[in-house]
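Observations on the three-dimensional arrangement
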Amino acid sequence: MRWSLHSIWRANLLFCLGVLQYCGEAKVHTEIQAGPLYRVLGAPLSISCNVSGFASETTQKEFEFRIKKPANPTFEINIISTHDQSFAYAVYARRVMSKEITLKHVSPNSVLFEIQSLQKADEGEYDCNVINSEHVYHGIYSVKTTVKVIDNSLSVSSAVSTSMSYNEGDALTFTCLASSNTIQHTHLSFAWYLHKDGQAEAQPIISLDRDFTLSPGPGFKERYQAGLIKLDKIGEAMYRLQMAQLELSDQGRIYCQAQEWIQDPDCSWYSIAQKDAEETTLNVKAREVAPEMSSLVVRISTQQTALREGQELSLSCNVDTQNLKERFFSVAWLRGGVELARIGPTGVLSVGPEYSGREKEGELRAARIGDRDYRLILQPVRTEDQGGYICRAWPQDRGQDGAFRQGAAQDSSLQLVSISATESGLSVEMQRSVSVKEGDRLKLTCKVDEVKGRLSVTWQHKLTSTSTALFTNVISLSQEGVMAIAGEFMSRKVRATRPATDTFTLELEEVTPSDSGVYQCAVSEWKTNSKTNSQSQTATVTVEPTESFLKVNLISRNNRVNVGENVELLCRVRGPRVPITLTWSLQRDASTVDNILTLYPNGDISWSGDQHRYQLKVENRLNEVIHYLLVNGASHSEAGSYQCRASVFLENVHKKLPPSNHLAVMVQKPASKLILTSPTTLTRDVNTDIEIKCSVISEPFASSQYAVTWLHQQWAENKTIVSSDRDALVTFGTQVELSNRQRISMRRTKGPSFELTIRQAQISDNGLYICEVVEWLKDPHGDWYQFSPVSRATTLTVIEPANDLRLDMKEQQQLIAREGDEVELKCNIISGASSPSFFYKVSWFYTGHSSSVMNVPLVELDHTGLLRYPKNQALRGLQGRLRLSRPTKMSFYLGIQRAHEGDSGTYQCQVEQYQLDGEGHWQQKASDSGSPIGLTINVVEKNLSLVMDEVELNVSRYQDFTIPCSITRQSSSESEFQVTWFWKKEIEAKQRPIFTSYRNATLQDRYWGHQLIFGHPRPSQFSLTVSKPGPENSGLYFCEVEEWLPSLSHGWRKVAEEKSGYLNVNVYTEGEAVSELQCKSGTWIGILIAFGICSLLVIFILVLKICRSKGSGGEKSGQSLSAEVHPLNTKTSAED
């Protein structure tokens, strides 16, 4: 069984934590922010972690942060540490080095972990671990929290142009849109800011917090309390700012800001996203005035109180007070409490929103015509212009800072004006009721008849059909065909056209429910740049919200599967084709909803979890779009309630549709195939080691691991003995006594098999042993789950065994070995008493060749496994080289390492048999001695040999010569040599040593000094060279070799000595060489002359004999000669 360092550490930690259960509450306590923490992609992340309970609260503690990612939840990745700069793994090292990820101490016991910009890969389970600087573990040192990274779906936009100019005292209206598509429960806060020129930071004007509480900015409280500043939320996503009277200090860059907030598990609110709309430059113009206080009288008058439709209405307003020429006023005309127009203290005209369209078309004009006189002209008047008019004036005082301070208002009396309809033939017709779906185009058509002049049209809108509601302009088309879009619709896709002479159309793209209401088509008739008549008609428009016609439904063909099987979910979006954003979510418990993925209209996919677990497919059908979510290899972590959510992004606003129904996916375990086998019964001797094996014989799954528990049943009661979890961490049952824990162990072997070992079995160990196995499987994503336990039982019977002890080889043995070899002496038990309950004590005795060492104990191995060397100074060296082994249960071997000559002698073993009784005491049962073993250690044999050749050598004076010394055989490969060269003259008997090479590589020149050169070309070859010899160096040379070997008993010892053959060297001078050469030449010449004379004498004798033969033979001889030649000629002819 292999244990990693991490497993050992964890086992120790678990042990320590287990001890804490008996020692009271943990002392050290580490805390981290509770999760899950939902944070937005690209936003910062901060996690606090603190510890308490250490002995020293002032000593700075060291912390480490790690992460487990959803794709591999069992693998920890180091991120950052306060004490080790190289702690981070490569995937985080660069971000740590660049300070994008930091871990800083807030106090000695607290740190703050920060990521400046979150990435998708930063999602996971974060572990804060405090380094224990004390000697004991007593508490919680590691805590975890989960971080979920979601997309930033916050959208903020403004419909106002980038620059606007107003006069001091004018009214200002701005609108902004803000929405979010986050599926988690979030709140939005909203605020308007003014960034004045020269100031570093913007000032809040007014804000609406996440709890829907309005708060004015520090510089705007008084105006807010006076009702001059308002912030209204209109519909789901529109926010409107109204400032009734602009001041010079309002000049600057104005913009709106939205923040998205989420509530963390600790009930605190956290801002996960913030966005600003584009800034709009606001210019406010002012004029110097002289302030003075006095009474004020306001009068209103008109030349004609009864008018016909199309005529001109002129309303005069007269202001009277003291020092009139030195003072300034704001004057306004009101009808029915609604302000038509106002002339400010600087003479600038501002028109109320209900009449701004008529002012742009020239129907409304107002001006100051004298020091005290103001005039308002409406032409052409309409029937709806009749009613009661008043004139209202305010004194305006200017302070030293240039800002106007408005005084108390003074109203005139009421002036009634009646307007009757004309008999013009102009008529307008519209469809009374129009229904359109959200996101579609709204198209309204206005038909005119009896036209006598040029026409202009103004399209207007109000939310409700009540008479008190006022129309606001949408778009207008002048008589020259010039199109003008109202401010609130500048960012909308809107247009007005005149496709035919009698037809006007309004087209508004991507309508929303806020576009519902009453639309008015106001047509005016013109003659020579003067409006002569106006007629209007209204239509009620209903915008059907998306949720009314776009339905989302979630179904599945197989929502109950086994681990590892696939799940297919179908999200059906029924309705017309609109660009939608679809989000899949999974809720595993009552409080947490996790995003899986978000599919955007452009096809982009944002994954929030482990994307390897899922696949996405989209199928377009006639009246619906089906989004398939395939769960590959489902695990228990994919079980839960699934939901798909759709949203539409229209006019810069996220429109969330009602989510689909919840669909529960259940992931169950596959059927277990676990089958066990174990012996039914076992009978063993007492005091023996018993192994009970429980094996898995079924085919395991690829990832199967097993947790095993062994139970002991006696008297119908089960007691847990020992258990091992799937990581092989072994723990004992609480009922097992400490003394018994030392006898019990468990191990795993191939198969797999689980073996329970009971050492020194006792009669009380009888009973039924149950092996209970729980199979664990790893799901496709690395998480473990378990099956129901399976068990097998074995009945154990412990009995008392018989005993019989006999040793092998009763006759004396003889062993011979060489010095330095390893010798092994054997002692074997051959009796039938091989029960594991028996234990043996073995002793080896030694008797040396000398009478001083007789039957002395060398070594003892007792029955408890204790090895002892009896003290004996004479045998101390031998005891240090002994090796006692037990290759089998019944064999005891004594080894002598590097045997010495002095180890020779007689060896004998003695064995004693022991057994534990029921009370745990050792009892000797038997004893026997082995046969004596005679051991003889011999040293190495002499085997040295040299080259013995006799050689003669003649050299001239100063010619170097070499005296070789070659070893042909040696006694041992460990031999070392001492070589000495000798010289003697032929006429002398004395041998003189001239040079020695010792075995320790020391050289000694013993006679001639620098004339000698030593050589050692090979391990077995030595040479000595005599340089520049003279005649006095002539003589006989030879070498003498001494062979030395290391003796284990006596150190280095000379084992052989040999002499080489003689080298006879004759050294001659140059003169002696010539004389000798001449002498030798004369000798050779004499020999040659004698040889020549002898040769001539032999030739002469032969010729003489031939001549005598010719004289005595006569004719006969000639015939004979001719007869010999003939065949030669014949032979020659034949050859020719």
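The paragraphs below set out a description of the structure included in this document. (Residues numbered from 1 in each chain as written. Predicted model: local features only at pLDDT ≥ 70, side-chain atom pairs only at ≥ 80, totals over all residues. Heavy atoms only, no water.)

Brief notes about the packing of aromatic side chains
The geometry of an aromatic ring pair is captured by two quantities: the separation of the ring centres and the angle between the planes. Put simply, the rule reads: In summary, the pairing rule links any two rings of Phe, Tyr or Trp, Trp by its six-membered ring, whose centres are within 6.5 Å, and it sorts them by plane angle into stacked for under 30 degrees, edge-to-face for over 60 and tilted for everything else. Two conditions define a charge located above a ring, namely a distance within 6 Å from the ring centre to NZ of Lys or CZ of Arg, and an angle within 35 degrees of the ring normal.
On inspection of all chains with the given rule, the structure shows 23 aromatic pairs. What links up through ring pairs into an aromatic cluster is the set Phe174, Phe190, Trp192 and Tyr239. Over the aromatic face of Trp261 sits the side chain of Arg210, whose NZ or CZ is 4.7 Å from the ring centroid. The residue whose ring lies beneath Arg726 is Trp776, and the NZ or CZ to ring-centre distance is 4.8 Å.

As for the side chain of Asp594
The criterion, for reference: Under the scheme used here, helices are H or I runs from DSSP no shorter than 4 residues and strands are E runs no shorter than 2 residues, and both carry numbers assigned from the N terminus. Whenever a nitrogen or oxygen atom comes within 3.5 Å of another N or O atom, the pair is scored as a polar contact, on the condition that within protein one atom can donate a hydrogen and the other can accept it, and that pairs from neighbouring residues in sequence are kept only if both atoms are in side chains. Should any heavy atoms of two residues lie within 4.5 Å, those residues are considered in contact.
Among the secondary structure elements, Asp594 is positioned in strand S47 (residues 593-599). A polar side-chain atom of Asp594 sits 3.1 Å from a polar atom in the side chain of Tyr38. The residues contacting Asp594, other than those within four sequence positions of it, are Tyr38, Lys148, Trp584, Ser585, Leu586 and Arg588.

Side note on the pairing of strand S36 (residues 454-462)
For a regular strand, side-chain orientation follows a simple rule: the groups alternate between the two sheet faces. Here is the rule we go by: Using a 1.4 Å probe on the protein chains alone, a residue whose accessible area is under 20% of its type maximum counts as buried, one over 50% counts as exposed, and one in between counts as partly exposed. Paired strands are those between which DSSP finds at least two bridges.
Taking burial as the measure, the nine residues of S36 include eight buried ones, the bulk of the element. As judged from the nine bridges shared by S36 and strand S41 (residues 517-527), these two strands associate in the antiparallel manner. Directly across from Trp459, in S41, lies its bridge partner Cys521. Here S36 pairs with strand S37 (residues 472-477) via five bridges, running antiparallel. Across the sheet, the residue bridging to Thr458 is Ser476, located in S37.

Things to note about a nonpolar patch on the surface
As a reminder of what qualifies: Candidate patch residues must exceed 30% relative accessible area and have no salt bridge, after which like charges are joined if within 9 Å and Val, Leu, Ile, Met, Phe, Trp or Tyr side chains if within 5 Å. Per-residue accessibility takes into account occlusion by the displayed protein chains alone, with areas from the Shrake-Rupley method and a 1.4 Å probe. The salt bridge definition used is simple: a Lys or Arg side-chain nitrogen within 4 Å of an Asp or Glu carboxyl oxygen.
Together, Leu1097, Phe1100, Ile1101 and Leu1104 make up an exposed nonpolar region whose accessible area comes to about 390 Å². Mapped onto the fold, Ile1101 is located in helix H8 (residues 1070-1135).

Structural notes on the nonpolar core
Here is the rule we go by: For this analysis, a nonpolar core means a set of buried residues of the types Ala, Val, Leu, Ile, Met, Phe, Trp, Tyr and Cys, connected via side-chain atoms within 4.5 Å.
Counting residues in hydrophobic clusters, the biggest one holds 34 residues, and the most contacted among them are Leu172, Phe190, Trp192, Ile205, Leu241 and Ile254. Val552, Trp607, Leu657 and Tyr785 belong to the second-largest nonpolar core, a separate cluster that totals 33 residues.

Let's talk about empty space enclosed by the protein
Convention followed: Cavities and pockets are found on a 1 Å grid laid over the protein atoms alone: a cavity is a set of points where a 1.4 Å probe fits but cannot escape, a pocket is an open set with protein on both sides within 12 Å along at least five of seven lines, and a lining residue has an atom within 4 Å of such a point. Grid points are joined across faces, edges and corners, and a volume is the space filled by probe spheres set on the points. Put simply, Ala, Val, Leu, Ile, Met, Phe, Trp, Tyr, Cys and Pro go in the nonpolar bin, Asp, Glu, Lys and Arg in the charged bin, and everything else, Gly too, in the polar bin.
The full count for this structure, using the stated rule, is four cavities of 30 Å³ or more. Estimates place the volume of the largest cavity at around 100 Å³. Along its surface, the largest cavity is lined by Ile150, Asp151, Ser153, Asn181, Thr182, Ile183, Gln184, Thr583, Asn595, Thr598 and Tyr600. Taken together, the residues of the lining of the largest cavity break down into three nonpolar, seven polar and one charged.

What about a negative patch on the surface?
Note the cut-off: Counted as positive: Lys and Arg. Counted as negative: Asp and Glu, with His and the chain ends omitted from the count. Positions of charges follow a simple convention, taking NZ of Lys, CZ of Arg, CG of Asp or CD of Glu.
Residues Glu429, Asp449, Glu450 and Asp502 make up a contiguous surface patch of negative charge. Mapped onto the elements, Asp502 comes out in the loop between strand S39 (494-500) and strand S40 (503-508).

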